[in-house]
Amino acid sequence: MTTIEAAAQSTTQNNRKKTVLSGIQPTGILHIGNYIGALSVWVANQHLYNNLFMIANLHALTIPEAVKANELRENARRVAALYIAAGLDPKEVVIFLQSDVPAHAYLAWILTCCTPMGWLERMTQFKTKASQSETVGTGLFTYPALQAADILIYKADYVPVGDDQNQHVEITRDIAQRFNSLFGEVFPLPGTLNRSSGARVMGLDDPTAKMSKSIAETRKSHAISLLDTPSTIKKAIMSAVTDAGSETRFEHASPGVKNLLTIYEVMSGEERSAIEEKFVGKGYGFLKRELLDLVVRTLEPIQTRYKEIREREGYLDELLAQGAARASAIADKTLEEVRRLTGV
Ligand code: AMP
Ligand code: TRP
C-alpha cells in the first residue's frame, strides 16, 4: 500500500508519468464514502499522472438479480456525470464505460485461466456478498480477475481506491506475476493508493459498518449521497451515532465521533490539531452543525455542475465515446502482446 503523499513524491523523482486506473460500480448514487475514499483522490492527483477512470458496469452484473437494464444505463451516466462534476477534467483524464472496451473482458478470460480457485476463495468481498445472496453467480467469484484485467490492460502503476479494495489490488499483483512467469513479462505490478485518513468512511447510523451504497438503499440515515438535499443531509448528520460523553480527540473518540471528525478533516483540509482545538469541550451538537455546514458547502458546487452536465444535450455520449476510443487504443496494444505470448 502506498499513501498518496509517497506516490506524489515518486512521480516527481523520475521523468515517466505514471499511469493511474480506477473505477466505481454504477450500482446506485455515489456517497461521500466513494467521494472521500476514491473520487476526491483522483481529482486531487489528476495532474500528476496519466489517468483512466472507468464506470465498472460489467462488475455491476455480478449480482444480476439487482440489475435492470434501464437503471444500469442511467446509473452509469450518473456516475460519469458525477466524475466530472466532482472535478475530473475530461481534457486531462480518460473517462469511459468498462463495457465499451471489449479488451477488458477478453483479457479477464485469459487471467481467469491463470488464477487458482484458492486465491478467489479467500476474497473477503466475495465471502460477504456470497453470504447475502441465495444463488451465487460464477461472475461474483471471478470478479477479481476482471478487476485485474481492468488494471493490467493499461499497465497501471497505481490504483487509487478505498481500503476495502486493497485485497483486490493485491490479487491483481499475484495474477500479474503468475501470467508473467507462465508466458513472459508483460505486466508491471500495480500498487494501491489509499488516503492516510478517510480510506474507510463508516456508516453514520452504524460506525461499525463501512458506508455502502447497498445499505443506503434501505436505511435513510446510513449515508450521504452526493446528490442529497441539505435537509436530507441534515437528518443524516444530526441523527448520526455518537456516545454519551464529549470526547473529540481523534485518538480517544468513539467510532461514530471519530468518523464525523475524519469526514470533517478530509473535507476541510485542516490539521487534526486545529480541528481538536476547535471542537474541544463544545459537545457533539456543535461538531454536527459545523460538519453539516461543511458537507453542504462541499456538495453544493458538485450538484450545480452535475445539473449543468445532465442538461447538456449529447455531451456525455460524446465524452464517453471519446473516452472509449482513447482507452481502446491503449488496451488493444496490450491485448495484442498477450495474444502473441499466449498463442491465441
Ligand atoms: P464501490 O461503490 O464499491 O464501487 O466503490 C467505489 C470506490 O469507492 C472504491 O474505490 C471503494 O474502495 C471506495 N469506497 C466505497 N465505499 C467506501 C467507504 N465507505 N469509504 C471509503 N471508500 C469507499
Ligand atoms: N471493485 C471496485 C469496487 O467495487 C470497482 C472496480 C472495478 C475497480 N474495477 C476496478 C476499482 C479497477 C479499481 C480498479 O469498488
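All of these numbers come straight from a predicted model, not from anything done at the bench. (Residues numbered from 1 in each chain as written. Chains lettered and ligands numbered in written order. Predicted model: local features only at pLDDT ≥ 70, side-chain atom pairs only at ≥ 80, totals over all residues. Heavy atoms only, no water.)

A.B. asks: Any chance you could explain the overall build of the protein chain here in plain terms?
C.D. replies: Counting its secondary structure elements, the protein chain contains 15 helices and 6 strands. A principal-axis box enclosing the C-alpha atoms of the protein chain has dimensions of 70 × 50 × 45 Å. By residue count, 52% of the 344 residues in the protein chain fall in the buried class. Summed over its atoms, the accessible surface of the protein chain is roughly 16,000 Å², and 51% of this surface lies on carbon and sulfur atoms. Seen as two clouds, the 38 positive and the 39 negative side-chain charges of the protein chain have centres 1 Å apart. (Helix = DSSP H or I, 4+ residues; strand = E, 2+ residues; numbered from the N terminus. Buried < 20%, exposed > 50% of the residue type's maximum accessible area, 1.4 Å probe, protein only. Areas by Shrake-Rupley, 256 points an atom, 1.4 Å probe, with all protein chains shown as cover. Lys, Arg positive; Asp, Glu negative; His and termini not counted. Charge placed at Lys NZ, Arg CZ, Asp CG, Glu CD.)

A.B. asks: Hey, could you run me through the packing of aromatic side chains in this one?
C.D. replies: Aromatic ring pairs: the centre-centre distance and the angle between the two ring planes describe each pair. For the structure on display, the rule yields 9 aromatic pairs. On the basis of an interplanar angle of 65 degrees and a centroid distance of 5.1 Å, the ring pair of Phe126 and Phe141 is categorised as edge-to-face. With Phe126 in helix α7 (residues 124-132) and Phe141 in helix α8 (residues 138-152), this residue pair connects regions lying 15 residues apart in the sequence. Note on accessibility: Phe126 and Phe141 belong to one class, buried. Aromatic pair Tyr264 and Phe279: ring centres 5.1 Å apart, planes at 85 degrees, arrangement edge-to-face. You can see Tyr264 sitting in helix α12 (residues 255-268) and its partner Phe279 sitting in helix α13 (residues 272-279), a full 15 residues away along the chain. Here the two residues Tyr264 and Phe279 agree in accessibility, since each one is buried. One aromatic cluster is present, built from ring pairs that chain together Trp42, Phe53 and Tyr83. Above the ring of Phe250, the side-chain terminus of Arg272 is found at 4.0 Å from the ring centroid. (Phe/Tyr/Trp six-rings, centres within 6.5 Å; stacked < 30°, edge-to-face > 60°. Lys NZ or Arg CZ within 6 Å of the ring centre and 35° of its normal.)

A.B. asks: Is there a simple way to explain the site of ligand 2 in this structure?
C.D. replies: Residues in close proximity to ligand 2 total 14 residues, the closest being Gln25, Tyr143, Gln147, Asp150 and Gln165. Take Asp150: an N or O atom from its side chain is 2.7 Å from a nitrogen atom of ligand 2. A distance of 3.0 Å is found between a nitrogen atom of ligand 2 and a side-chain nitrogen or oxygen belonging to Gln165. Its free accessible area being 370 Å², ligand 2 has 91% of it covered by the protein chains. (Near = heavy atom within 4 Å. Polar contact = N/O pair within 3.5 Å; in protein donor to acceptor, adjacent residues only side chain to side chain.)

A.B. asks: Looking at this model, I keep getting lost on the site of ligand 1. Mind explaining?
C.D. replies: Of all residues adjacent to ligand 1, which total 17 residues, the nearest are Gly162, Asp164, Val201, Met211 and Lys213. One of the side-chain nitrogen or oxygen atoms of Asp164 is found 2.5 Å away from an oxygen atom of ligand 1. Lys213 is positioned with one of its side-chain polar atoms (N or O) 2.6 Å from an oxygen atom of ligand 1. For ligand 1, whose accessible area on its own is 480 Å², the fraction buried by protein is 93%.

A.B. asks: Quick question: what am I supposed to make of the domain arrangement of the protein chain here?
C.D. replies: In many reports, interface size means the accessible area that the parts give up when they come together. Segmentation of the protein chain into domains returns domain 1 (2-196 + 312-342) and domain 2 (213-309). Taking only C-alpha atoms, the centre of domain 1 and the centre of domain 2 are 28 Å apart. Contacts between the two partners involve 23 residues from domain 1, matched on the other side by 17 residues from domain 2. For the pair domain 1 and domain 2, the summed buried area comes to about 1,800 Å², and 73% of that belongs to carbon and sulfur atoms. Run the count over domain 1 and domain 2 and you get 0 salt bridges. Where domain 1 packs against domain 2, one counts 7 residue pairs in polar contact (both at pLDDT 80 or more). Elements with a minimum of two residues in the side of domain 1 that touches domain 2: α2 (32-45), α4 (69-85) and α15 (315-342). By residue class, the composition of the side of domain 1 that touches domain 2 is 14 nonpolar, 6 polar and 3 charged. (Domains from an automatic or database assignment. Contact = heavy atoms within 4.5 Å. Buried area = accessible area lost by both parts, 1.4 Å probe. Salt bridge = Lys/Arg side-chain N within 4 Å of Asp/Glu carboxyl O. Nonpolar A, V, L, I, M, F, W, Y, C, P; charged D, E, K, R; others polar.)

A.B. asks: Would you explain helix α11 (residues 230-238) in this entry?
C.D. replies: It helps to recall that an α-helix has 3.6 residues per turn; residues three or four apart then point in one direction. Inspection of α11 places Ile233, Ala236 and Ile237 among the buried residues, and these make up the whole buried set. All buried residues of α11 fall inside an arc of 95 degrees around its axis, so they share one side. Looking at the packing, one finds that the buried side of α11 touches α14 (284-311). (Arc of directions from axis to C-beta.)

A.B. asks: How do you make sense of the environment of Phe183 when you look at a structure like this?
C.D. replies: When you line up the elements, Phe183 lands in helix α9 (residues 166-183). Looking at Phe183, the relative accessible area reads 32%, which means it is partly exposed. Through-space distance from the C-alpha of Phe183 to that of Val201 is 40 Å; in sequence the pair is 18 residues apart. Setting aside anything within four residues of it in sequence, one finds Phe183 in contact with Cys114, Leu341 and Thr342.

A.B. asks: Whenever I open this one, the pattern of salt bridges confuses me. Can you help?
C.D. replies: Pairs can form between side chains of opposite charge once their charged atoms are near each other. On inspection of all chains with the given rule, the structure shows 15 salt bridges. Between Asp157 and Arg16 there is a salt bridge; the shortest N-O distance is 3.1 Å. Of the two residues, Asp157 is situated in the loop between α8 and β5 (158-160) and Arg16 in the loop between α1 (4-13) and β2 (19-24); the sequence distance between them amounts to 141 residues. Here Asp157 falls in the buried class, since its relative accessible area comes to 13%. The partner of Lys278 in a salt bridge is Glu290, with the nearest N and O atoms 3.3 Å apart. Pair noted here: Lys278 is in helix α13 and Glu290 is in helix α14, with a separation of 12 residues, a long-range link.

A.B. asks: What exactly am I supposed to notice about the state of the cysteines here?
C.D. replies: Covalently bonding the sulfur atom of one cysteine to the sulfur atom of another cysteine gives a disulfide. Enumeration over the complete set of coordinates arrives at 0 disulfides. With no disulfide of its own, Cys113 has Cys114 as its nearest cysteine by sulfur position, at a separation of 6.6 Å. (Disulfide = S-S within 2.5 Å.)

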